[in-house]
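Residue-level structure breakdown
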Amino acid sequence: MVKENKDFNNLSNNNQELSIQTSLNGLSFCLLNRDNNTILELKHFDFERRFNHLEILDYLKQVFNTEPILSQSFTKVCVIHDNELSTLVPTPLFDEDNLADYLKFNSKILKSDFIAYDNIVLNDCVNVYIPYINVNNFIYEQFGEFTFKHVSTILIEEILNIEKNASTPKVYLNINKNHFEMIVTSSGKLILYNTFEYTTKEDFIYYVLFTVEQLKLNPETLELVFIGDVQSDDDLYKTAYKYIRNVSFGTRNDTYNYHQNPKHKHSNFTLIKSF
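Being a predicted model, the structure only gives us computed values, none of them experimental. (Residues numbered from 1 in each chain as written. Predicted model: local features only at pLDDT ≥ 70, side-chain atom pairs only at ≥ 80, totals over all residues. Heavy atoms only, no water.)

Right, let's get into the pattern of salt bridges. One pass over the structure, following the stated rule, counts 11 salt bridges. Linking E220 and R245 is a salt bridge whose minimum nitrogen-to-oxygen distance equals 2.6 Å. In this pair, E220 is assigned in the loop between α5 (201–214) and β12 (223–228) and R245 in the loop between α6 (235–243) and β13 (246–249), connecting sequence segments 25 residues apart. A relative accessible area of 53% means that R245 is categorised as exposed. When salt bridges that share partners are traced, they join E41, K43 and E67 into one network. (Salt bridge = Lys/Arg side-chain N within 4 Å of Asp/Glu carboxyl O. Helix = DSSP H or I, 4+ residues; strand = E, 2+ residues; numbered from the N terminus. Buried < 20%, exposed > 50% of the residue type's maximum accessible area, 1.4 Å probe, protein only.)

Here we come to the pairing of strand β2 (residues 26–33). The buried fraction of β2 amounts to 8 of the 8 residues, a majority that puts the element mostly inside the structure. Of the two faces of β2, the one holding G26, S28, C30 and L32 and the one holding L27, F29, L31 and N33 are both buried throughout. As paired strands, strand β1 (residues 16–22) and β2 are joined by 7 bridges and run antiparallel to one another. What sits directly across from L18, in β2, is L31. From the end of β1 to the start of β2, which pair antiparallel, there are 3 residues. Here β2 pairs with strand β3 (residues 38–46) via 8 bridges, running antiparallel. By the bridge assignment for β3, L32 is matched with I39. The antiparallel hairpin formed by β2 and β3 contains 4 residues in its connecting segment, where N37 sits at a positive phi of about 55°. (Pairing = 2+ DSSP bridges.)

Looking now at the confidence of the model for the protein. Per-residue confidence for the protein averages 93 on the pLDDT scale, and 95% of its residues sit at or above 70. Below pLDDT 50 for its whole length, residues 1–12 participates in 38 contacts with residues either more than four positions away or in separate chains. (pLDDT = per-residue confidence, 0-100. Contact = heavy atoms within 4.5 Å.)

On to the packing of helix α1 (residues 53–66) against helix α3 (residues 133–143), then. Between α1 and α3, the least distance of the axes is 9 Å, while the angle of their chain directions is 25°. In terms of orientation, α1 and α3 fall into the roughly parallel class. Residues H53, L54, I56, L57, L60, K61 and F64 of α1 lie in contact with α3, whose contacting residues are N134, V135, F138, I139, Q142 and F143. Split into classes, the residues belonging to the contact of α1 with α3 amount to 9 nonpolar, 3 polar and 1 charged. (Axes fitted to C-alpha atoms, helices over the stretch in contact; angles between N-to-C directions. Parallel < 35°, antiparallel > 145°, perpendicular 65-115°, else oblique. Nonpolar A, V, L, I, M, F, W, Y, C, P; charged D, E, K, R; others polar.)

Turning next to α1. For α1, with 14 residues, the first-to-last C-alpha span of 20 Å sits near the 20 Å given by 1.5 Å per residue. Within α1 the residues assigned to the buried category are I56, L57, Y59, L60, V63 and F64. Burial along α1 is one-sided: seen end-on, the buried residues are contained in an arc of 165°. In α1, those exposed residues whose orientation departs by more than 90 degrees from the buried face are L54, N65 and T66. The inward-facing, buried residues of α1 contact β1, β2, β3 and α3. (Expected span 1.5 Å × (residues − 1). Arc of directions from axis to C-beta.)

Written as structure tokens, this is what we have:
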């Protein structure tokens, strides 16, 4: 599978780019007109239950059949794979011949799994992961060559860029339906990345507080920053606020125009930041 986007046939007159994010809990897509810096379309679909990789593809095909805007050509296409099947490897220790070895200790992998990796220059590391290869194959059939990344690559790159001049520890939580990613930084450096599944607010706050304790961070002084699918009246936010003094929402800091504004300045973080 080709990761670099080079040439497309039959380009449309407009300089339009498409980004698609897939997970076991939902699917999103975003369409950007680069000529006028405008987000033309931003849609999210929650699955009624946790899907497997075959069901994700079926749903994606259904979306392509029912969303006419996806039938055109695009100058760039990016697919974001959102799953727990990833691990970070320091660049000096990385060997492309040992991809499966990096993943086998914290992920259940099969011999038939296709393993990919993204370089994260800001953290001098390599993100090794398993993409939904059936989704990649379908997108290739639709558009030809395209780019794909793991969701954690975008999160780590963007948050490290935001925090490059910061001095205080920060815990970022990217909230999704039934799972969230946690990124911890201190003095502009990555301390931890992990992803957690949850079904209740008690599950959620346990993972947060346990991680804070293990990293020896002080709930009275650290900053907890929410991004993603969350707002101030949600149980997750209210529960976190009971235990941690400094809780806030992040921002994408983007300069796009929008045909229809996202819910919040912190929502759809990875999807929009993938452009």
